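A look at the structure
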Amino acid sequence: TRSTRPQRLLRAVQKKAIKGDPQSVISTIDYFCRHSEWAMNVGDEKGAILDSVVCEVSPSTALELGTYCGYSTVRIARLLPPGTKLITLEFNPDYAAVARQIIEYSGLQDKICLVEGASGDLIPKMQELFGIKTFDFVFLDHWKDRYLPDTKLLEECQLLRKGSILLADNVICPGTPDYLEYVRNSPRYESKYFKSHLEYTKVEDGLEKSVFLG
Ligand SMILES: O=C(NCCc1nnc(-c2ccc3[nH]cnc3c2)[nH]1)c1cc(-c2ccc(F)cc2)cc(O)c1O
Ligand SMILES: [Mg+2]
């Protein structure tokens, strides 16, 4: 049967990127998505905003919802201080299989823990599975209708502390209206919109950065 888009993206990485070099994996994926096949990675333009927030927060504990092929996983992990772990949740086993290989190719596997399953089931198990008390940083990039319920779940499970940062992709395209309304109107969050574009296109999109106030 025909290969999938994630498999073709992986093949491009294995063919063109330098093994053990996260930046070359990132650049290869961006080139492939711009010149061969579009794919739903956060991309280079929004990726630069993601990088600046990760560097500013310099998290000890970080969570990513929605691994896909692992592009943003590699972007985040390459900036984490030694000894810190990025936990990334992926629901789709085919995406997870490709992501594991891209993460390994980048050489960052020791800083990343990819867990397969539904965010709604896994978030309540974070303490028991990983001994995590709270997350300093959460990147939301999974199903857009899961952003709000999973944010409420993180609050209920006391996985957020005063100052925890939520960074959400795609708040304009495809859009997460209920999530935006919540973080922009809740007294428990201080929110800021970073205007950008949908990855590899001229369509407007952006990232919403929200600080949990406790
Ligand atoms: O759907 C997206 N991303 C989500 C994939 C995913 N990858 N993994 C999950 C998951 C879902 C439950 C989960 N529960 C636990 N882990 C989970 C992971 N969802 C997405 C879509 C677009 C997009 C824009 C314009 C278009 F015309 C078409 C598409 C752009 C983006 O940047 C995206 O991130
Ligand atoms: Mg996205």
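Residue positions are given per chain, counted from 1 along the sequence in the order it is written. Naming scheme: in the order in which they are written, chains are lettered from A and ligands are numbered from 1. The predicted nature of this model means local features are confined to residues of pLDDT at least 70 and side-chain atom pairs, given and counted, to a pLDDT of 80 or more, with totals for whole chains, interfaces and linings taken over all residues. To obtain the side-chain values, all non-hydrogen atoms of the structure were used and water was disregarded.

This paragraph deals with the side chain of aspartate 150. A run of H or I in DSSP becomes a helix once it reaches four residues, and a run of E becomes a strand once it reaches two; helices and strands are each numbered from the N terminus. Its place among the elements puts aspartate 150 in helix H8 (residues 147-156). Accessible area is worked out with a 1.4 Å probe on protein chains only. A residue is then buried under 20% of its type maximum, exposed over 50%, and partly exposed in between. In this structure aspartate 150 comes out as buried when scored by relative accessible area, which is 0%. It only takes one pair of heavy atoms within 4.5 Å for two residues to be counted as in contact. When neighbours within four sequence positions are excluded, aspartate 150 is seen to be in contact with Leu65, Ser119, Gly120, Ile123 and His142.

Distances define the donors: N, O and S atoms within 2.8 Å of the metal qualify, as do those within 3.2 Å of Na, K or Ca. Water is excluded, so some sites may look unfinished. In the first shell of the magnesium ion (ligand 2), the protein supplies Asp141 (OD), Asp169 (OD) and Asn170 (OD1), at 2.0 to 2.2 Å from the metal. Within one chain, the residues serving as donors to the magnesium ion (ligand 2) are arranged as D-x27-D-N. Residue aspartate 141 is found in the loop between strand S4 (135-140) and H8, and its partner aspartate 169 is found in the loop between strand S5 (160-168) and helix H9 (171-175); the two are separated by 28 residues along the sequence. Note on aspartate 141: relative accessible area 13%, which makes it buried.

To continue, consider the site of ligand 1. Around ligand 1 lies a shell of 20 residues, among which Glu90, Ser119, Asp141, Asn170 and Glu199 are the nearest. Counted as a polar contact is a pair of N or O atoms within 3.5 Å, where, for protein atoms, one must be capable of donating a hydrogen and the other of accepting one, and residues adjacent in sequence contribute only when both atoms are in side chains. Aspartate 169 places a polar side-chain atom, nitrogen or oxygen, 3.2 Å from an oxygen atom of ligand 1. A distance of 2.7 Å is found between an oxygen atom of ligand 1 and a side-chain nitrogen or oxygen belonging to asparagine 170. Relative to its unbound accessible surface of 690 Å², ligand 1 loses 81% to contact with the protein. At the level of elements, strand S2 (85-90) and H9 are the ones that each hand at least two residues to the shell around ligand 1. Along the lines of polarity and charge, the residues of the shell around ligand 1 split into 10 nonpolar, 5 polar and 5 charged. Nearness is defined per residue: one heavy atom within 4 Å of the molecule or strand is enough. To measure how exposed things are, a 1.4 Å probe is used in the Shrake-Rupley method; for residues, cover is taken only from the protein chains shown. Amino acids are sorted into nonpolar (Ala, Val, Leu, Ile, Met, Phe, Trp, Tyr, Cys and Pro), charged (Asp, Glu, Lys and Arg) and polar (every other residue, Gly among them).

Okay, the state of the cysteines next. The criterion for a disulfide is a pair of cysteine sulfur atoms lying within 2.5 Å. Tallying each qualifying case throughout the model produces 0 disulfides. Here cysteine 69 stays free of any disulfide, with the sulfur of cysteine 33 as its closest cysteine sulfur at 8.0 Å. Exposure remark for cysteine 69: the relative accessible area of 0% places this residue in the buried category. Among the cysteines around cysteine 173, which has no disulfide bond, cysteine 33 carries the closest sulfur, lying 15 Å off.

Attention shifts here to the layout of surface pockets. The method works on a 1 Å grid over the protein atoms by themselves. A cavity is a set of points holding a 1.4 Å probe that cannot get out, a pocket is an open set with protein on both sides within 12 Å along at least five of seven lines, and residues with an atom within 4 Å of a point line them. Grid points are joined across faces, edges and corners, and a volume is the space filled by probe spheres set on the points. Estimates place the volume of the largest pocket at around 450 Å³. Contributing to the lining of the largest pocket are 24 residues, with Met40, Gly66, Asp141, His142 and Trp143 lying nearest its centre. At the level of elements, S2, helix H6 (119-122) and H9 are the ones that each hand at least two residues to the lining of the largest pocket. The residue makeup of the lining of the largest pocket, split by class, is 11 nonpolar, 8 polar and 5 charged.

Below, the discussion takes up helix H2 (residues 22-35). Residues three or four positions apart in an α-helix share a direction because the helix packs 3.6 residues into each turn. The span you would expect from a helix comes to 1.5 Å times its residue count less one. Taking 1.5 Å as the rise per residue, H2 with 14 residues should run 20 Å; its terminal C-alpha atoms sit 20 Å apart, in good agreement. Pro22, Ser24, Val25, Ile26, Thr28, Ile29, Asp30, Phe32 and Cys33 are the residues of H2 that are buried. Where H2 is buried, its residues meet helix H1 (5-16), helix H3 (43-57), helix H4 (71-77) and helix H5 (93-106). Where H2 begins, one side-chain oxygen reaches toward the backbone nitrogen of glutamine 23, 3.0 Å away; that side chain belongs to aspartate 21.

So, about the pattern of salt bridges. Between Lys or Arg on one side and Asp or Glu on the other, a salt bridge is scored when a side-chain nitrogen of the former is within 4 Å of a carboxyl oxygen of the latter. For the coordinates displayed, the defined rule picks out 16 salt bridges. With a closest N to O distance of 2.7 Å, arginine 75 and aspartate 51 form a salt bridge. In this pair, arginine 75 sits in helix H4 while aspartate 51 sits in helix H3, placing the two residues 24 residues apart along the sequence. Residue class for arginine 75 comes out buried when judged on its relative accessible area of 7%. For aspartate 51, a relative accessible area of 11% translates into the label buried. Taken together, the salt bridges that share partners define one network made up of Lys46, Asp169, Glu199 and Asp205.

Here we take up the environment of glycine 163. Here glycine 163 is to be found in strand S5. For glycine 163, a relative accessible area of 28% translates into the label partly exposed. Between the alpha carbons of glycine 163 and glutamate 208 there is a distance of 15 Å; along the sequence they are 45 residues apart. Excluding anything up to four places from it in sequence, glycine 163 contacts Val211 and Phe212.

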